[in-house]
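Coordinate inspection notes
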Amino acid sequence: MEIKALISKLHPFERKVLPYLKQKKELVEIVAVSGLQEIEVMRALQWLENKKLLILITEKKKVVNLDSNGLKYQKDILPERKIINELTEQFQSLSTLSHRLKLSLEEINACIGQLKQRMIIDLKKEKDLMIKFGPQGKKFLTEKTIEEKFLIKSFPIDYNSLSDVDRFALDELKKRKDFIKIEEVKSVTVTLTDLGKKLASLDLTQDVVNRLNTGMLKTGDWKNKEFRAYDVEINVPSIYPGKIHFVNQAIDYAKTIWTEMGFKEMTGGLVATSFFNFDALFVPQDHPARELQDTFYLGGKFEKGKLPDADLVKKVKAAHENGSGTKSKGWNYIWNPEEAKKNVLRTHTTVLTSQTLFNLKGEKLPIKRFAIGRCFRNEALDWKHLFEFNQTEGIVIDENANFRHLLGYLKEFFKKMGYPQARFRPAYFPYTEPSVEIDVFHPVRKEWVELGGAGMLRPEVVIPLFGRDVPVLAWGPGFDRIIMEYYQITDLRNLYQNDFKQLREIKSWLK
Amino acid sequence: MPTVTLNKTVFEKLLGKSLPLEQLKDRISMLGTDLEKIEENKIEVEIFPNRPDLLSEQGLARALASFIGLKPGLKEYKVKKSGYQVIVDKSVNMRPYTACALVKNLSFDDEKIREIMQIQEKLATTHGRNRKKSAYGLYPSKTLNFPINYIAKDPNTIKFKPLGFDQEIIAKKVESLHPKGREYAHLAMGWDKYPFFIDSKNKVMCMLPYTNSEETGKIDATTKDVFVECSGTDLNNVKVALNILVTMLADMGGEIYSLEVVYPDKTIITPNLTPEKIKLDLVYINQRLGLKLTDKEAQQLLGKMGFGYDQGNVLIPSYRSDILHQVDLAEDIAIAYGYENFKEELLDIFTIGEENYLEKYSNLIRKILIGLKLLEVKNYHLVRADELNERMCLDQEIIPLKNALGEYNYLRNSLFSTLMRNLKDNQHNEYPQNIFEIGDIFEPDRNTITGIKEKRKLGILLCHEKTDFTEIKQVLDCLLNSLGLKGLIKESQHLSFIPGRVGEVYVNNRSVGYIGEFHPQVLMNWGITVPVVGLELELSSLF
C-alpha cells in the first residue's frame with residue numbers, strides 16, 4: 001500500500017505509539033512511555049497489525065513473584081540468619097536458642113534441614129538437640145545465603161531468566177509457606193515489519209483533521225488540511241430501530257388482502273357465550289369440540305353470560321331440536337339454554353360471523369366481511385401447540401352466490417397470498433355444507449400443503465341469524481403457519497417469546 | 001376426528017378392484033375423507049364425524065365402489081325375520097333405547113375379529129360420544145336363549161363373571177375392578193340401578209355401559225352366529241349404529257335377521273334397513289352449486305354416492321344419518337360431480353373494503369411509538385394470578401378460567417403484567433429496553449352479555465439505568481400531541497407505583513389511565529434490577 005495513503009489512515013493513537021516501537025518491544029513499556037491507557041495502546045497495536053506494519057506476539061509467560069511471607073522477609077531477618085548469628089563453636093541447646101530468639105517450631109523446621117545439609121551447622125542428639133557451627137558455618141557470618149540473595153532481587157522475575165542457582169533458591173523458598181507465587185502473565189511483544197520500520201522513522205505529526213466540528217466549519221480551519229482516512233470496510237456497532245411486532249406486520253398484510261378484495265372488517269370480543277360460539281353455528285351441545293379438554297370455559301362468577309334476543313334463541317332452539325323453520329331435521333335432542341349461556345374464550349373467528357349475521361339482519365346485499373384475530377384452545381404450551389393462535393376468515397353474503405363463486409374466491413385469495421396453485425377437496429365442518437379443504441402447492445417445498453377450510457353456511461345457521469335462507473360463502477386459512485414459514489420459525493412458542501434480540505434483529509414482513 | 005387403520009388387501013377385495021396407488025389415494029381423498037397415508041398393507045384415513053358408516057373396510061369399500069362407478073346406486077341388503085324378541089323393561093330409563101339384530105352364517109378369522117373390534121371402538125367413541133350416547137355389544141348367539149331382557153337391576157344383587165375374569169363378582173364391583181368399569185364409571189353417576197342384558201335362562205350377557213360377561217363369551221374363530229345390540233339414550237342413534245354394524249357383517253358374508261324389540265309403549269322391528277325417502281329439490285341444489293343438472297344427471301350423481309332414486313325422491317341408505325337438509329344432498333352431489341370439475345367463477349359484485357377504526361387507530365399509535373424507538377411486544381392474554389396481583393402489589397378481582405390445562409389460567413386485566421414479564425425474561429439483552437404493547441384486557445362488568453368487558457389498551461414500559469418520570473411523561477406528551485389530543489396528569493395513588501411519582505392521565509375530561517415510576521417492591525417481585533417507568537392508557541377512550 002502506498003505510504004502516503006497508509007499514513008493518511010492512521011488514527012491519533014497509532015501516530016502516538018508508532019515512533020516508540022523502534023525502541024520498545026513490550027506492551028507494558030510502551031504504555032509507560034506513550035502516556036496512553038493500556039486499552040488505547042492495545043487498540044493501536046491491533047490496528048497497526050491489521051495494516052501489516054507490525055507483528056504482535058502474545059505470550060503467556062511464567063513469572064515469579066513474592067507472596068506475603070516473601071515480601072515480609074525482604075525486610076525482616078530470615079530465621080536461619082538469626083540462628084547463624086547466634087552460633088558458637090560449642091554446642092548449645094537448640095530449644096534454648098530458639099526460645100531466646102523467639103523462633104517458632106515452624107520457623108526452625110523450615111531451615112534446619114538445609115543448614116545441616118550445607119554443613120553450616122552441626123547437630124548432636126543428647127538430652128536435647130544440640131547445635132554449633134559446621135565446617136562451612138563461619139563463612140556465612142559475612143556471606144549471604146542463596147535464599148537471602150534471591151529475596152533481594154527485584155520482582156516480578158521471568159521464570160525463564162533464572163540461573164540454576166536462582167532456581168535452586170526458588171525451589172527451597174517454594175517449600176516455605178506463602179513465600180513464592182508463580183503466575184502466568186500475558187505479555188505482548190511487538191516486532192516491526194520492514195514497512196513498519198520505515199513508517200516509524202517518519203514524522204507522523206502532521207496536522208490531520210480527525211473529526212469535523214462546528215468550530216472548524218466556522219473558522220475555516222479545515223482548509224489546507226488533510227482528513228484522516230477511515231477504513232470504510234470494517235464493522236461498526238449495531239443499532240436497532242423501534243419495530244412493529246412481526247406477527248402484527250403479518251396481520252396487517254393479511255388485512256390488505258381482504259380490504260383489497262372489498263371486505264370490511266368485523267370485530268368482536270375474545271370472550272363469547274357458547275350461544276354464538278357454538279349453538280348459533282349449529283354445533284350440537286354434545287359435540288366433542290365443546291368438551292372441557294378442547295375449549296376454555298370461564299370460571300368462578302364468570303361461568304355464564306346472558307342469552308341474546310329471545311326470538312333468536314327460540315329459532316336456534318328449534319333448529320337444534322327439530323330443524324323447524326329451516327327445512328331441516330335438526331339434531332333431534334333437547335336443547336339446553338343453560339349450556340348455551342356458558343362463557344368461552346372464542347375457539348374460532350366464526351363466532352364473529354354469527355354475531356355479525358345477526359347484527360346485519362335485514363341489511364342490503366351484497367355484504368362482504370372479514371375478521372382476523374386471536375382464538376383459543378385448551379392446550380399446554382409446547383413447540384407444536386399454543387393455547388392462543390391467529391385465525392382469519394371472510395364471508396360473502398349475496399342472493400346469487402354459489403359454490404363455484406366460493407371456489408373462485410378461494411383461488412383468488414390464495415393467489416394473493418402467494419400460492420397461485422390451489423386445489424379443493426371435500427371436508428367437514430358442522431356449520432357449512434358443502435365444505436371444502438384447500439391445498440396449495442408450496443412453491444419452495446414443492447409439495448401440496450393443506451392450508452385452510454371453507455364452505456357455504458348451513459341454512460340452520462343463516463335463517464335464525466339473518467332471517468332468511470340466503471347463500472353465505474365463508475372461508476379462512478390457518479394463519480400462524482404462514483408466519484412461521486416466512487420467518488423460518490419451527491417452534492410455535494417463538495411467535496410470542498418476545499426475546500428482544502429476536503425482535504430487534506428480525507427482518508420486516510414484505511410480501 | 002377419528003382415524004382408522006384399514007387392511008388394504010381386505011379393502012381391495014371388497015372393492016372388487018385393485019387400483020394403482022396414486023389413483024387409490026386420489027379417489028379416497030376426493031370421496032370425502034382425509035387420507036393420512038397408505039403404507040404397505042395399511043390404509044390410514046381420517047373419517048369425518050358425520051360419516052360413521054365409513055369406519056370400516058366394508059363401509060369405505062362400499063362407498064368407494066359406488067363412487068368410482070363400480071357398484072353405483074343404493075345397495076340392497078336382505079333382512080329375514082328371526083321371530084325372536086328383546087323385551088325392554090321400563091326400569092332402563094337411564095339408557096332407555098336399544099336396537100338389536102342377529103347375523104348368521106359368519107366365519108371369523110383374526111383379521112375379521114380385528115375389524116369388528118375396531119369398528120365397535122371407533123363407533124362408540126364418535127357416534128356413541130364415548131359411550132355417553134350409545135355403546136354396542138356383539139355376542140356369539142349360540143348359547144343365548146330368547147327372549148332376551150333388557151332390564152335395570154341393583155348392581156349389588158347381581159353376580160357375574162365380567163369379560164376377562166375367571167371368577168364371578170358382584171356387579172357393582174365392576175366399576176372398581178374391571179378396566180372398562182373404571183374408564184366409564186363417570187357415565188353412571190347417580191344411578192342406583194344399572195341396565196343389564198339377561199337372557200331368558202337368567203344368564204347375564206352384559207352390564208351396561210361397561211362390559212360383556214365371560215360366559216357369553218367373545219367372538220372367536222368358532223363363532224358363526226352373532227347377536228348385536230346397540231343401546232343408549234337416543235333411539236335414532238342406536239338404530240343407525242345397528243344398521244352400520246349389521247350391514248358391515250352382511251358385507252363380511254353374514255345373513256341379517258331382524259328381531260322384535262318390545263318397549264312398554266310400542267314394538268319395533270330392528271334392524272329396519274328400508275331407505276328413507278326425501279324429495280329432491282333440484283332447483284335449490286343447482287342454485288347452491290352453480291350447476292344446471294338435469295334430473296337424470298342428478299340421479300346418476302346420487303347413484304355414485306350410494307343413494308337410490310325413485311321418481312324425484314332420493315332414497316337414503318339406512319346406515320347414514322347425516323342427511324338433515326337439501327344442502328347435505330347438495331354436498332354429496334358436488335362430491336360426485338368432482339370438486340375438481342367445478343369451473344370457478346368470481347362473483348360480479350362491488351363492495352368497498354375497510355379496516356375497523358379501532359384497528360386503524362392502534363396502527364397509528366404503533367407508528368408514532370416506533371418513531372420513538374420503542375419495541376413492540378405481543379403477549380398472550382392468559383396469565384397467572386400472582387402476575388396480576390401479588391407481583392404488582394395489587395389485590396383486584398380477577399377473572400379465572402375453569403379448566404386450563406397449562407399454568408396460565410387467568411385473563412389479564414392490565415398490560416403491565418405481561419410487559420413486566422418481558423423485562424424479566426430479557427435481562428440478558430442490551431439496555432435500554434423500551435417496549436410497548438397494544439392489546440385487549442378483561443374486566444368484570446355485569447352490564448355486558450358475558451359479564452366481562454374487554455378494553456383495548458396501550459402499555460409502555462421504559463427500562464434502563466437513567467429512566468425516570470420525566471422520560472415517560474415525554475413519551476406521553478409526544479404521543480398525545482401526535483394524535484392531536486390534549487392531556488393532563490393529576491396527582492394520584494396506585495399501589496404499583498412509587499407514592500408521589502404517579503399520576504392519573506386525563507384526556508377530554510375522562511380518566512384514561514396511569515403513569516409513573518414503578519415501586520421497587522414490584523421490581524423486586526419480578527426479579528428486575530433496573531428501574532422501570534411506564535404508562536397504560538385505554539384506547540377507545542381517546543377518540
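Residues and elements named next belong to chain B. A sheet is described by the order of its strands in space; here three strands give the open sequence β16-β18-β17, paired in antiparallel fashion. Bordering the open sheet on either side are β16 (276–279) and β17 (308–310), each of which pairs with just one other strand. Shown here is a sheet whose adjacent strand axes are inclined to one another by a mean of 30 degrees, direction ignored. One ladder, built from three bridges, connects β17 with strand β18 (residues 313–316); its direction is antiparallel. Note that in β18 the partner of Tyr309 across the bridge is Val314.

Another point: the confidence of the model for chain B. On average, residues of chain B score 93 in pLDDT, and 100% of them are at 70 or above. For this predicted complex, the interface score ipTM comes out at 0.91, while the overall pTM is 0.81.

So, on to the environment of B:Pro271. Residues and elements named next belong to chain B. Mapped onto the fold, Pro271 is located in the loop between β15 (267–270) and β16. Among the residues examined, Pro271 registers a relative accessible area of 5% and is labelled buried. For the pair Pro271 and Asp445, spaced 174 residues apart in sequence, the C-alpha to C-alpha distance is 54 Å. What Pro271 contacts, discounting residues up to four positions off in sequence, is Val79, Cys100, Ala101, Leu242, Asn243, Val246, Ile256, Tyr257 and Ser258.

Below, the discussion takes up the interface of chain B and chain A. At the interface, 85 residues of chain B touch 100 residues of chain A. Put simply, chain B and chain A have 11 salt bridges between them. Across the pair A:Arg458 and B:Asp328 runs a salt bridge, and its minimum N-O distance is 2.7 Å. Counting the contacts that link chain B with chain A gives 57 residue pairs in polar contact (both at pLDDT 80 or more). Here the side of chain B that touches chain A gets five residues from one element, more than from any other, and that element is strand β23 (residues 433–444) of chain B. Looking at the side of chain B that touches chain A residue by residue, the class counts come to 37 nonpolar, 24 polar and 24 charged.

Another point: the side chain of A:Glu393. All names here are of chain A. Of note, Glu393 is situated in strand β13 (residues 388–397). One polar contact links Glu393 to Thr350, side chain to side chain, over a distance of 2.9 Å. Within the local environment of Glu393, its side chain forms a polar contact with the side chain of Thr353, the two groups lying 2.7 Å apart. Excluding residues that lie within four positions of it along the chain, Glu393 makes contacts with Trp258, Thr349, Thr350, Thr353, Arg369, Phe370, Ala371, Trp475 and Gly476.

So, how was this worked out
- Residues numbered from 1 in each chain as written.
- Chains lettered and ligands numbered in written order.
- Predicted model: local features only at pLDDT ≥ 70, side-chain atom pairs only at ≥ 80, totals over all residues.
- Heavy atoms only, no water.
- Pairing = 2+ DSSP bridges.
- Helix = DSSP H or I, 4+ residues; strand = E, 2+ residues; numbered from the N terminus.
- Axes fitted to C-alpha atoms, helices over the stretch in contact; angles between N-to-C directions.
- pLDDT = per-residue confidence, 0-100.
- Buried < 20%, exposed > 50% of the residue type's maximum accessible area, 1.4 Å probe, protein only.
- Contact = heavy atoms within 4.5 Å.
- Salt bridge = Lys/Arg side-chain N within 4 Å of Asp/Glu carboxyl O.
- Polar contact = N/O pair within 3.5 Å; in protein donor to acceptor, adjacent residues only side chain to side chain.
- Nonpolar A, V, L, I, M, F, W, Y, C, P; charged D, E, K, R; others polar.

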